[in-house]
Amino acid sequence: MFSLCCISNELKPTHSFQTMTWKRFNDLGAGELALKELSARWLNNVKVTHRIIQHCADNGWNYRVSSSLFPILTHPEFKYNHYDAPDFEAILDEFRAIQDARYPVRLSTHPSQFVVLASNNQESVKKSIDDLEHHAWMMDLLGCERSYQNPINIHVNCSDGEPWEIADRFAANLATLSDGVRSRLVVENEDRGIWNVERLVKYFYNRHGIPITYDNLHHKCNPSDVGIYDCAATWGDYKPLFHYSESHPDKSNLRSHADMPTDFPRIHSVDHEIELKAKDFAIRHIQNLVDKHSILS
DNA sequence: ACCAGTCAAGGAAGC
DNA sequence: GCTTCCTTGACTGGT
């Protein structure tokens with residue numbers, strides 16, 4: 001099955017996410033007025049998420065939940081808690097509605113590249129931990145399992161030291177986190193730097209038992225001898241959730257993502273998040289390509 | 001109604 | 001030891 005990533009281009013005209021910057025929050029006074037405006041945007045974002053999950057259920061897709069549902073909430077200087085938001089009861093009601101509907105949609109999250117659990121900068125580690133716990137909190141509210149069925153996928157994004165040292169720092173920090181994070185956390189190969197598939201399997205899976213998310217485009221840009229099937233084996237009894245994308249046809253940088261696909265993932269028994277900019281339209285096109293291929297073969 | 005600039009983050013890479 | 005780039009899309013403010 002295929003996952004839609006964060007945004008539905010088909011629903012965007014009527015259901016779009018809202019955000020607020022830290023600067024804007026402070027320009028509004030950083031008080032009740034600012035919090036009221038922020039709270040309304042959080043509620044909007046959870047409602048939009050519900051609508052997109054319905055849309056995915058209708059189409060037989062999975063869904064990667066956006067990491068931008070609660071702007072400012074994890075900012076280190078934000079003085080309020082989530083329950084201080086005037087709309088928080090309504091937000092909880094919306095989450096309950098999502099849980100109660102029991103959509104057959106595999107949910108996942110992908111915290112940003114600024115989460116660096118193995119950093120030597122302790123402030124960065126603390127922010128990373130807060131962000132990961134926030135994602136786990138959100139996934140619990142969405143009714144997600146605490147397992148690799150509903151993974152939290154991140155990059156290592158650190159090359160400070162020997163690979164085994166980085167992996168051990170990462171694992172030591174991970175061990176201090178809640179069950180909601182530890183039970184879901186997986187790591188993905190990167191399109192540059194030391195963290196290709198081979199090193200991830202060697203230092204994160206073999207050494208610490210952390211499953212590996214295989215990204216085909218990153219593997220093309222930053223190859224190694226270990227491949228997609230080796231990554232699939234790191235997921236144990238869980239169905240792997242991998243990434244599929246293609247290079248932009250008109251850009252010299254191989255790493256930039258295309259809008260639409262020209263091909264499709266060939267491996268069976270694996271779910272794929274489709275990281276193509278046309279979003280829903282790209283998934284429909286991939287499904288057409290798969291259907292044509294199966295008729296011809 | 002539209003458009004260009006803004007915003008936020010950690011680290012890598014290039015002077 | 002600086003600056004720039006990477007990445008992203010909604011927001012903001014000016015026209």
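Considerations on the overall build of chain A
Thinking step 1. Scanning chain A from N- to C-terminus turns up ten helices and eight strands.
Thinking step 2. Its C-alpha radius of gyration of 19 Å places chain A within 12% of the 19 Å reference for a compact globule of 297 residues.
Thinking step 3. Split into buried and exposed, the 297 residues of chain A put 52% on the buried side.
Thinking step 4. Nonlocal contacts in chain A, meaning residues at least 24 apart in sequence, comprise 76% of its contacts between residues at least 6 apart.
Thinking step 5. Element-wise, carbon and sulfur atoms account for 49% of the exposed surface of chain A, whose accessible area totals about 14,100 Å².
Thinking step 6. In chain A, 31 positive and 40 negative side-chain charges are present, and the distance between their average locations comes to 3 Å.

With respect to helix H3 (residues 88-101)
Because each turn of an α-helix spans 3.6 residues, side chains separated by three or four positions end up pointing in the same direction.
Thinking step 1. Its 14 residues place the ends of H3 20 Å apart at the C-alpha level, agreeing with the 20 Å of an ideal helix rising 1.5 Å per residue.
Thinking step 2. The complete set of buried residues in H3 reads Phe-88, Ile-91, Leu-92, Glu-94, Phe-95 and Ile-98. The arc that holds every buried residue of H3, seen down its axis, measures 155°, which confines them to one face. Within H3, the exposed residues directed more than 90 degrees away from the buried face are Glu-89 and Asp-100.
Thinking step 3. On its buried side, H3 packs onto helix H2 (32-59) and helix H4 (122-141).

What to know about the protein's contact with DNA strand B
Thinking step 1. Taken together, 13 residues surround DNA strand B, and among them Lys-23, Phe-114, Ser-119, Lys-127 and Ser-159 come closest.
Thinking step 2. A share of 66% of the atoms of DNA strand B within 4 Å of the protein falls on sugar and phosphate groups.
Thinking step 3. Lys-23 places a main-chain nitrogen or oxygen 3.0 Å from a phosphate oxygen of DNA strand B.
Thinking step 4. Side-chain polar atom of Ser-119 to a phosphate oxygen of DNA strand B: 2.7 Å apart, as the coordinates give it.
Thinking step 5. Of all the secondary structure elements, the ones that give two or more residues to the surface near DNA strand B are helix H1 (22-27) and H4.

Brief notes about unusual backbone geometry
Thinking step 1. Here the phi dihedral of Ala-30 falls at roughly 55°; this positive angle occurs in a residue that is not glycine.
Thinking step 2. Here Ala-30 is to be found in the loop between H1 and H2.
Thinking step 3. Assessed through its relative accessible area of 26%, Ala-30 is described here as partly exposed.
Thinking step 4. Its identity as a non-glycine residue notwithstanding, Asn-157 has a phi of 50°, on the positive side.
Thinking step 5. For Asn-157, a relative accessible area of 36% translates into the label partly exposed.

Regarding the protein's contact with DNA strand C
Thinking step 1. The environment of DNA strand C is formed by Ile-7, Lys-12, Phe-17, Gln-18, Thr-19, Arg-24, Arg-41 and Gln-113.
Thinking step 2. The contact atoms of DNA strand C, taken as those within 4 Å of the protein, divide so that sugar and phosphate hold 95%.
Thinking step 3. Separating a sugar or linking oxygen of DNA strand C from a backbone N or O atom of Phe-17 is a distance of 3.3 Å.
Thinking step 4. Separating a phosphate oxygen of DNA strand C from a side-chain N or O atom of Arg-24 is a distance of 2.5 Å.

The rules behind each value
- Residues numbered from 1 in each chain as written.
- Chains lettered and ligands numbered in written order.
- Predicted model: local features only at pLDDT ≥ 70, side-chain atom pairs only at ≥ 80, totals over all residues.
- Heavy atoms only, no water.
- Helix = DSSP H or I, 4+ residues; strand = E, 2+ residues; numbered from the N terminus.
- Rg over C-alpha atoms; globule rule 2.2 N^0.38 Å.
- Buried < 20%, exposed > 50% of the residue type's maximum accessible area, 1.4 Å probe, protein only.
- Contact = heavy atoms within 4.5 Å.
- Areas by Shrake-Rupley, 256 points an atom, 1.4 Å probe, with all protein chains shown as cover.
- Lys, Arg positive; Asp, Glu negative; His and termini not counted.
- Charge placed at Lys NZ, Arg CZ, Asp CG, Glu CD.
- Expected span 1.5 Å × (residues − 1).
- Arc of directions from axis to C-beta.
- Near = heavy atom within 4 Å.
- Polar contact = N/O pair within 3.5 Å; in protein donor to acceptor, adjacent residues only side chain to side chain.

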